[in-house]
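Fold and contact review
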Amino acid sequence: CCKRMLGLEHEFVPGGFLAVRDQKRVVYVQASHVGIEPDSLAPHLRPVDAAGLPPGLEGHAELHAALDSGKALIGGIDECERLRGITLKLLAFEQLLESSEEWRGKVCLLQLLVGARNFLPASAADSAGVRAELRAIASRVNSAYPLSVVLVEVPTVSVAQRMAVWASVRVAVFSAVREGVNAHPLEYVYARSGEGAGVVVLSETCSCAHVLNGALRVNVWSSDELMGAMLRALTMAPAERIARQQRDLIFVLANTTSSWAERFFVDLKAVGRRAHKEDEPAMALGFGLASFRCVGMGGMRTLEVSDVLAAYRKTVRRAIFVDWGGTLVPNDDNPGTPSLASEEYARRPLPAATHHCLEQLCHDPRNFVMVVSGLARAQMEHVFGALPAISLAAEYGLLYRVGSTPGAHYRGAGHWQQVVESFNDDWKDLAAAIVETYAMRTNGSYVQRKGSSVVWRFEDADLEFGAQQAKEMREHLDNLLQGYPVEVQVGKGYVEIKPAGVDKGAIVSHMLNHLAAASGGVDFVLCVGDDSADEKMFETLNARYGLASSSSASSPKRQHGALHAQTHVFCATVGRKPSAAQYYVNDHEEVIELLQSLRLHSTRSNRNRSLTDLSRLGQSGGQQREGAYSGGGGAHRASVSSSSHAMGAALGAARAIAAAGEALPPFAPFPLPVDGVRSSPTLPFVPNCGLYGQRAHVQRAHGHARSNDFLPPVRSNDDFAPLE
């Protein structure tokens, strides 16, 4: 129900609870059938005959005749609704009389028809139609076999009336097609707890079907099966009847209404204590003895914005890797939509707040921001095309494009490149043929062809059948594609065949290696994702920086991010689940809140500009300030007190250095766009000292040695023309 109707994930937790995760909440569900109160029913237990009927039943002549006939009685008390399956019960009883001559004239069906509890004027016509059908069947049966069906219509039925009927009937039949809670079978078991044990015939869809183990459970849509159960109950040996009745009586006496309510409050209190615990010891996965296992989650904690922000503030070379669908934006606003629309986020623009947040983070010269996705290059360009400073990785990192990097002398999108220079794609036709075969056999599934992979999506298929088909397909593909450099990945609702060695972890490792070679590495890493494919990123970072996964013991330094050679690393998964990440956030909204907090700090700290930043900004505003700032050297030697003259001196110094110095080589071996990117003046290149070392060298060479790399603060970013 949770997965099919609500699209929510669930898990089993200690105590017999089913934990359903809905956004930021965890709802604990327990299936426990309510019982009856035997002490309240005991005063109404007494032998019943035609002369001792309780008030409300004594005026029915046919009921008197049935009780005085000495026939074996098959009875039932049901509301006059179509879902109660009373018509199916009467038809099966008619079939019993037609097929069993020995029971003709020896058995009678006593049926009480009660007015519907939830009567609505709109259902009046349906209720009248059910009554007409029942009367027609009873008239037909009684015309062939007199006094075989007795219908008693009452507006309501009291406890005394119910107990009188239960004490009179030898077999109780409940043939509901679908119903809620119904305690009548429990009452019958208790009413027949004396010398004459009765037999319960239960529809398999009744609420009591799984708690009354002594009952005969049937499929009421099969008239043969229902008729056979009635016949078996009539001919059952006394010893078997007593054994079945005693088995059910144990449940009835042990699970009373008061004990059920007491257990409910005890469980409610236990859930309250569990909610105050910060961590759960483990999560249960699988079902049954063969596949059941527990995955430890003791080290996983909520990602605190304050911890991330504290590390972010004191670092100067930062790398941020985020997933797209399910992390930056929700995978699907409506869980009930078909999977063909589940990637709708790739067809619409980013929300304005998310777009602005990413733009500001990318414009911080200390940041490297990359969006890593499994979608195609064209889809990423369509949505992120308006953010040239952002880095993109498509098809799980096979194709990537680099924007701004820490200390880069340009702000623009680079050319798309490929992690693997060349790979053999002869396997694609073979894999596609197999996948299409499974797609034809599985209703609701379809095949996607990407540039480097083949994907089978089965979100719209039957959940259990789709999962079985995915497991079988993976085994089939693993055996068939053994000689090819490919790997089969199973995710949430999909199976993907892609080149081996191409995953999100590989592109993260590739970019960190490049940043280490180009600028001395990074001192801050934030990685957030939600899917099984994102686990590769977490595993790569764990191995690179010597971190422990969430199932391991927590590190004493983890409260402020994992530290390795002064590198602060934060790996977080969206949603609490077994993961290689050390932290988790509840949903994509918390991811955006985190990025917004980092953006606000970047916006404030960007008021402090370095020489390189000011020289770039000076290009756009230099024409307006040309009269105010003349000559690089004179302005450089000028001693002024106002902040505007100080900024003018810095800009003039940057121009002079750029005019006299040699060109600085590009930051990285990524090819730069030829058109649409403005080149900025370059500073003299000093080998083996890094970006910030070069800034210090320039400051010392021109008499500006300071304790940090930043110039006096500028009032706002709005003082400068925007970067194009």
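So, a few notes on the structure that sits alongside this text. Each chain has its residues counted from 1, running along the sequence as written. Predicted model: local features are reported for residues with pLDDT of at least 70 only, side-chain atom pairs are reported and counted for 80 or more only, and whole-chain, interface and lining totals are derived from all residues. Excluding hydrogens and water, the side-chain values take into account all heavy atoms of the structure.

**Some words on the overall build of the protein**
What counts, and what does not: Strands here are runs of E lasting at least two residues and helices are runs of H or I lasting at least four, both read from the DSSP assignment and numbered beginning at the N terminus. The rule is simple: take the accessible area with a 1.4 Å probe, protein chains only, and divide by the maximum for that residue type; under 20% is buried, over 50% is exposed, in between is partly exposed. Working definition of accessibility: Shrake-Rupley area with a 1.4 Å probe, residue cover restricted to the visible protein chains.
Looking only at helices and strands, the protein features 23 helices and 25 strands. When burial is assessed residue by residue, the protein has 49% of its 724 residues classed as buried. Element-wise, carbon and sulfur atoms account for 54% of the exposed surface of the protein, whose accessible area totals about 33500 Å².

**Quick look at the nonpolar core**
As a reminder of what qualifies: Here, nonpolar core refers to any group of buried Ala, Val, Leu, Ile, Met, Phe, Trp, Tyr and Cys residues whose side-chain atoms link them within 4.5 Å.
Within the largest apolar cluster, 45 residues are counted, with the highest numbers of intra-cluster contacts made by Trp324, Phe384, Leu526 and Leu595. With five residues, the top contributor of residues to this core is helix α19 (residues 588-605). Val114, Ala172, Phe174 and Tyr190 belong to the second largest nonpolar core, which has 38 residues in total.

**Description of the pairing of strand β7 (residues 171-174)**
A regular strand places its side chains so that they alternate between the two faces of the sheet. Condition: Between any two strands, pairing holds if DSSP finds at least two bridges.
Residues Val171 and Val173 point to one face of β7 and Ala172 and Phe174 to the other, with burial holding for every one of them. By the bridge criterion, two bridges tie strand β4 (residues 72-79) to β7 in an arrangement that is parallel. Residue pairing across strands places Gly75 opposite Ala172, the latter belonging to β7. By the bridge criterion, four bridges tie β7 to strand β8 (residues 199-203) in an arrangement that is parallel. Paired with Phe174 across the two strands is Leu202, which belongs to β8.

**Details of the pattern of salt bridges**
Here the idea is simple: oppositely charged side chains can pair when their charged atoms come close. Selection rule: Put simply, a salt bridge is a Lys or Arg side-chain nitrogen that is within 4 Å of an Asp or Glu carboxyl oxygen.
Here the structure, examined in full by the defined rule, presents 21 salt bridges. Glu79 is the partner of Arg84 in a salt bridge, and the nearest nitrogen-oxygen pair spans 3.6 Å. One exposure class covers both Arg84 and Glu79, and it is buried. A salt bridge links Asp126 to Arg82; the shortest N-O distance between them is 3.3 Å. With Asp126 in helix α5 (residues 124-144) and Arg82 in the loop between β4 and α4 (86-99), the pair connects residues that are 44 residues apart, well separated along the chain. Residue classification places Asp126 among the partly exposed positions, given a relative accessible area of 36%.

**Notes on the packing of α4 against α5**
A packed helix pair is summarised by two numbers, namely the angle formed by the two axes and the spacing between the axes. Note the following rule: Only the contacting stretch of a helix is used when fitting its axis, a line to C-alpha atoms as for every element, and angles between N-to-C directions run 0 to 180 degrees. The scheme is simple: roughly parallel for angles under 35 degrees, roughly antiparallel for over 145, roughly perpendicular for 65 to 115, oblique for anything else. Contact between two residues is taken to exist if any of their heavy atoms lie within 4.5 Å; hydrogens are not considered. Each residue is assigned to one class: nonpolar for Ala, Val, Leu, Ile, Met, Phe, Trp, Tyr, Cys and Pro, charged for Asp, Glu, Lys and Arg, and polar for all the others, Gly among them.
The geometry of α4 relative to α5 is characterised by a closest axis approach of 10 Å and an angle of 10° between their N-to-C directions. Overall, the two elements α4 and α5 adopt an arrangement that is roughly parallel. Where α4 approaches α5, its residues Ile86, Thr87, Leu90, Leu91, Glu94 and Leu97 are matched on the opposing element by Glu133, Leu134, Ile137, Ala138, Arg140 and Val141. For the contact of α4 with α5, the residue count by class is eight nonpolar, one polar and three charged.

**Some details on the packing of aromatic side chains**
Where we set the bar: Stacked, tilted and edge-to-face are the three classes assigned to paired rings of Phe, Tyr and Trp, where Trp is represented by its six-membered ring and a pair needs centres within 6.5 Å; plane angles under 30 degrees give stacked, over 60 edge-to-face, the rest tilted. Only Lys NZ and Arg CZ are tested; either one counts as a charge over a ring when it is within 6 Å of the ring centre and within 35 degrees of the ring normal.
Scanning the model with the defined rule gives ten aromatic pairs in all. Seen in terms of ring centroids, Phe264 and Phe265 are 5.5 Å apart; in terms of plane orientation they differ by 75°. Their pairing is edge-to-face. Using a relative accessible area of 44% as the deciding quantity, one classes Phe264 as partly exposed. Look at Phe265 and you get exposed, because its relative accessible area is 54%. Each ring, one from Tyr312 and one from Phe524, has its centre 5.5 Å from the other, and the planes form 80°; the classification is edge-to-face. Placement of the pair is Tyr312 in helix α12 (residues 305-313) and Phe524 in strand β22 (residues 524-529), with a sequence separation of 212 residues. Phe524 shares its class with Tyr312; the two are buried. Each residue in the set Tyr312, Phe524, Phe570 and Tyr583 is aromatic and connected to the rest through ring pairs, giving one cluster. Sitting above the plane of the Tyr312 ring, Arg318 keeps its charged end 3.7 Å from the centroid. The ring of Tyr396 carries Lys498 above its face, with NZ or CZ at 5.8 Å from the centroid.

**With respect to the sheet that holds strand β21 (residues 494-499)**
Sheet strands line up and pair through hydrogen bonds in the backbone, either parallel or antiparallel. In space, the four strands of this open sheet follow the order β18-β19-β21-β20, with antiparallel pairing throughout. Of all the strands in the sheet, the pair left with one neighbour each is β18 (446-449) and β20 (486-491). On average, each strand axis in the sheet is inclined to that of its neighbour by 20°, with strand direction left out of account. On the sheet, helix α15 (residues 427-441) packs against β18, β19 (454-457), β20 and β21 and is oriented at approximately 10° with respect to β19.

**Examining the sheet that holds β7**
Here six strands make up an open sheet; going across it, the order is β6-β5-β4-β7-β8-β9 and the pairing parallel. On the outer flanks of this sheet lie β6 (149-154) and β9 (216-218), each paired with one strand and no other. For this sheet the average axis-to-axis angle between neighbouring strands, irrespective of direction, equals 20°. Pairing geometry for strand β5 (residues 107-114) and β6, over six bridges, is parallel. Residue pairing in the sheet places Leu110 in a bridge with Val150 of β6.

**Considering unusual backbone geometry**
Unlike most non-glycine residues, Leu147 shows phi in positive territory, near 50°. Relative to the helices and strands, Leu147 resides in the loop between α5 and β6. Given the relative accessible area of 29%, Leu147 is considered partly exposed. Here the phi dihedral of Glu395 falls at roughly 50°; this positive angle occurs in a residue that is not glycine. Following the sequence through the fold, Glu395 ends up in the loop between β15 (391-394) and β16 (399-401). Overall, Glu395 belongs to the buried group, its relative accessible area being 7%.

**Thoughts on the state of the cysteines**
Under the convention used in this document: Here, a disulfide means two cysteine sulfur atoms that sit within 2.5 Å of each other.
This structure, assessed with the given rule, holds zero disulfides. Cys208 provides the cysteine sulfur closest to Cys206, a residue in no disulfide bond, and the two sulfurs are 7.3 Å apart. As a non-bridged cysteine, Cys571 has Cys527 as the owner of its nearest cysteine sulfur, 5.3 Å distant.

**Some points on the environment of Val271**
Assignment of secondary structure puts Val271 in helix α10 (residues 257-275). Along the sequence, Val271 and Tyr28 sit 243 residues apart, while their C-alpha atoms lie 7.6 Å from each other. Once residues lying within four places of it in the same chain are set aside, the contact partners of Val271 are Phe17 and Tyr28.

**Digging into α5**
Cut-off, in case you're wondering: In this scheme, a helix's expected span is set at 1.5 Å multiplied by one less than its residue total. Each direction from the helix axis to a C-beta atom contributes to the arc, which is the arc of those directions.
With 21 residues, α5 extends 31 Å from end C-alpha to end C-alpha; this agrees with the ideal 30 Å at 1.5 Å per step. Within α5 the residues assigned to the buried category are Ser127, Val130, Arg131, Leu134, Ile137, Ala138 and Val141. The arc that holds the buried residues of α5, viewed along the axis, is 135°, so those residues lie on one side. What points out from α5, more than 90 degrees from its buried face, is the exposed set Ala125 and Ser143. At its buried positions, α5 is contacted by α4, β5 and β6.

**Considerations on helix α7 (residues 184-191)**
Among the eight residues of α7, eight are classified as buried, and the element is accordingly described as predominantly covered. Burial in α7 covers these residues: His184, Pro185, Leu186, Glu187, Tyr188, Val189, Tyr190 and Ala191. Against α2 (38-41), β4, α6 (159-168), β7, β8 and α9 (238-254) lie the buried residues of α7.

**Topic: the environment of Ala92**
With respect to the helices, strands and loops of the structure, Ala92 is situated in helix α4. Judged by its relative accessible area of 0%, Ala92 falls in the buried class. Filtering out sequence-adjacent residues up to four positions away, Ala92 remains in contact with Ser223, Leu226, Met227 and Met230.

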